[in-house]
Amino acid sequence: DSVLQRAVEAHRRADLAAAGNLYRQVLERDPQQVDALHYLGVIAMQHGEFGDAARMIGEAAALRPGDPMLRANLGNALLQAGDHGAAVEHYQAALAIDPSLAEARRNLAIALLSLDRADGALREIAEAARQAPRSLEVQVTMGNILFGAGKSDEAIACFERVLSVRPDIAPVHRSLGNVLRHAGRLEEAIACYEKALSLAPGYADAHHDLGVVY
């Protein structure tokens, strides 16, 4: 479908308005065109319209239930919409089809932690780290989950690993500062928050956290 191809190309260029119009043209001709439904849902996610995203991607997943990426993206929309229990179900369904999806496993860990299922979150993020050992996103999530599970020393090690590769990520400096603050290492926490603010002077959360330490 040439219209669908043009839509995908516009989407890749991040021209979301043009892509959305073209996807809608496809759906006017064929309301059950799975890819157009899916990608229009992805655009809704990119605009922060998570309920609409979940509805459209859910329709696409119902039409093509064996597609793990559809189930994973449906999980993403539901996670952002705050429906963590449903997100867990769809991530698990995606991973039952394709266990190698490390990003879906990472997001499953986030959803499980949101449901206070720390043990499950730790298992899933450890497996995601095994599958994608070079993924900084996985390492950051692992650090957050370890911190949430009360494993401060291991969380510090995770954040330090990330910063050894990418020292320019302000939120990771802030996350490391939070763990250090919780551990009573206040001077080190101050240094982390100050580093975060040197990278992102308008970072309100880091200003707040630095104020808390002082």
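Our structure's up above, just so we're on the same page.
The written sequence of each chain sets the order in which its residues are numbered from 1. Confidence filtering applies because this is a predicted model: local features only for residues at pLDDT of at least 70, side-chain atom pairs given and counted only at 80 or more, and all residues used for totals across whole chains, interfaces and linings. The side-chain numbers reported here are obtained from all heavy atoms of the structure, hydrogens and water having been left aside.

Let us now look at the nonpolar core. Counting residues in each nonpolar core, the largest one holds 72 residues, and the members touching the most others are Tyr23, Tyr91, Ile125 and Leu176. Strands are runs of DSSP state E lasting at least two residues, helices are runs of H or I lasting at least four, and both sets are numbered from the N terminus onward. Counting residues per element, this core draws most heavily on helix α3 (residues 34–46), which supplies seven residues. Residues are treated as being in contact if the distance between any of their heavy atoms lies within 4.5 Å. Not counting residues within four places of it along the chain, the set of residues in contact with Tyr23 comprises Leu4, Ala7, Val8, His11, Ala36, Tyr39, Leu40 and Ile43. Throughout this description, the term nonpolar core refers to a set of buried Ala, Val, Leu, Ile, Met, Phe, Trp, Tyr and Cys residues connected via side-chain atoms within 4.5 Å. Working definition: with a 1.4 Å probe on protein chains only, accessible area under 20% of the residue-type maximum means buried, over 50% means exposed, and in between means partly exposed.

What follows covers unusual backbone geometry. Backbone geometry at Ala14 places phi at a positive 70°, although glycine is not the residue there. On the basis of relative accessible area, Ala14 is assigned to the exposed category, the value being 57%.

Considering the arrangement of structural elements, one finds Ala109 in helix α7 (residues 102–114). With a relative accessible area of 0%, Ala109 lands in the buried category. Residues Ala109 and Glu124, 15 residues apart in the sequence, show an inter-C-alpha distance of 5.5 Å.

Moving on to the pattern of salt bridges. Put simply, a salt bridge is a Lys or Arg side-chain nitrogen that is within 4 Å of an Asp or Glu carboxyl oxygen. Following the criterion strictly, the structure yields eleven salt bridges and no others. Between Arg55 and Glu59 there is a salt bridge whose closest N-O contact spans 3.5 Å. One end of the pair, Arg55, and the other, Glu59, are both in helix α4 (residues 50–63), four residues apart, so they sit about a helical turn from each other. Notably, a salt bridge pairs Glu103 with Arg106, separated by 2.8 Å at the nearest N-O pair. Here Glu103 and its partner Arg106 are both found in helix α7, three residues apart, which amounts to about one turn of the helix. Glu103 sits in the partly exposed class, given a relative accessible area of 41%.

What follows is about helix α13 (residues 204–213). Listing the buried residues of α13 in full gives Ala206, Asp209, Leu210 and Val213. Burial along α13 is one-sided: seen end-on, the buried residues are contained in an arc of 100°. What points out from α13, more than 90 degrees from its buried face, is the exposed set Ala204 and His208. In this fold, the buried residues of α13 make contact with α11 (170–182) and α12 (186–199). Taking the helix axis as origin, the arc is that swept by the directions to the C-beta atoms.

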